[in-house]
Amino acid sequence: QVQLVESGGGLVQAGGSLRLSCAVSGRTFATYAMAWFRQAPGKEREVVAAITWSGGVAMYADSVKGRFTISRDNAKNTVHLQMNSLKPEDTGVYYCAVAYARDSRWYTESAYNYWGQGTQVTVSS
C-alpha cells in the first residue's frame, strides 16, 4: 500500500520560511512525478509545484515563482518544498501527491494517484 507522509508545516510570520517534506513508502519504482498542492479555506485545491522524477523538470504556480523551490531525493523517495518569503495568502493545507503514469497534464490533480494527509501552513501578517 502506498503511503505519503508529509512533515514541516506550522505557523510562521510573513516573510519567513518553511520547508515541507514528503516521504513515499509502499511503492518506490516507476514514479513519474510528484507534486505539492494546497487548499486555502473556502477555496479549491490548487497546484503549487510539481517535479518529474527522472528528469527533475519542475513547474510552479505563478503565485509562488521565485519564492518556492521543489526538489526530490530519488534515493530516499522524498520530495521537498522550500518556501521562502511567505505571505498570508500562502496559508492553507498542503498536500503532496505522487503520479505513477506519464501524463501530459502532470501539473493537474487528475494525474496523481496517491495523496498525503496534508499539513497545515499558517502565515500570520
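Please read these numbers as outputs of a predicted model, since none were measured by experiment.

> Give a description of the overall build of the chain that names residues and reports values.
Helix and strand content of the chain: 0 helices and 11 strands. Along the first, second and third principal axes, the C-alpha set of the chain runs to 40 × 25 × 25 Å. For the chain, the residues scored as buried account for 46% of the 125 residues in total. Of all intrachain contacts in the chain linking residues separated by at least 6 positions in sequence, the fraction that spans at least 24 positions is 57%. Of the roughly 6,300 Å² that the chain leaves accessible, carbon and sulfur atoms contribute 47%. Looking at the chain, you have 12 positive and 9 negative side-chain charges, and the mean spots of the two groups are 5 Å apart.

> For the pairing of strand β5 (residues 46-52), give the residues involved together with the corresponding values.
The two faces of the sheet receive side chains in turn, since in a regular strand these alternate between them. In terms of burial, β5 is a largely internal element, 6 of the 7 residues being buried. Of the pairings in the sheet, the one linking strand β4 (residues 33-39) to β5 comprises 6 bridges and is antiparallel in character. Bridge pairing in β5 links Met34 to Ile51. Hairpin connection, β4 to β5: the antiparallel pair is bridged by 6 residues, and Gly42 has positive phi, about 75°. In textbook terms, the turn of a hairpin is the stretch between consecutive antiparallel strands, and for β5 and strand β6 (residues 58-60) this stretch comprises 5 residues, one of which, Gly56, has a positive phi near 70°.

> How would you explain the state of the cysteines if you had to name every residue and give the values?
Under the definition given, this model contains 1 disulfide. At a sulfur-sulfur separation of 1.9 Å, the disulfide partner of Cys22 is Cys96. Handedness of the Cys22-Cys96 disulfide follows from its S-S torsion of about 50°: it is right-handed. Within this pair, whereas Cys22 is found in strand β3 (residues 18-25), its partner Cys96 is found in strand β9 (residues 92-99), the two being separated by 74 residues in sequence.

> An account of the side chain of Thr108 is requested, with residue identities and associated values reported.
You can see Thr108 is positioned in the loop between β9 and β10 (114-115). Of the polar contacts made by the side chain of Thr108, one reaches the backbone oxygen of Arg105; its length is 2.6 Å.

> Quick rundown of the sheet that holds β3? Include the residues and the values.
Strand order in the open sheet formed by 4 strands is β1-β3-β8-β7, with antiparallel pairing between adjacent strands. One side of each edge strand has no neighbouring strand; the edge strands of this open sheet are β1 (3-7) and β7 (68-73). Mean inter-strand twist for the sheet, computed between neighbouring axes without regard to direction, equals 15°. Pairing analysis gives 6 bridges linking β7 to strand β8 (residues 78-83), with the strands arranged antiparallel. In the strand pairing of β8, Phe68 is matched with Met83.

About the criteria used
- Residues numbered from 1 in each chain as written.
- Predicted model: local features only at pLDDT ≥ 70, side-chain atom pairs only at ≥ 80, totals over all residues.
- Heavy atoms only, no water.
- Helix = DSSP H or I, 4+ residues; strand = E, 2+ residues; numbered from the N terminus.
- Buried < 20%, exposed > 50% of the residue type's maximum accessible area, 1.4 Å probe, protein only.
- Contact = heavy atoms within 4.5 Å.
- Areas by Shrake-Rupley, 256 points an atom, 1.4 Å probe, with all protein chains shown as cover.
- Lys, Arg positive; Asp, Glu negative; His and termini not counted.
- Charge placed at Lys NZ, Arg CZ, Asp CG, Glu CD.
- Pairing = 2+ DSSP bridges.
- Disulfide = S-S within 2.5 Å.
- Polar contact = N/O pair within 3.5 Å; in protein donor to acceptor, adjacent residues only side chain to side chain.
- Axes fitted to C-alpha atoms, helices over the stretch in contact; angles between N-to-C directions.

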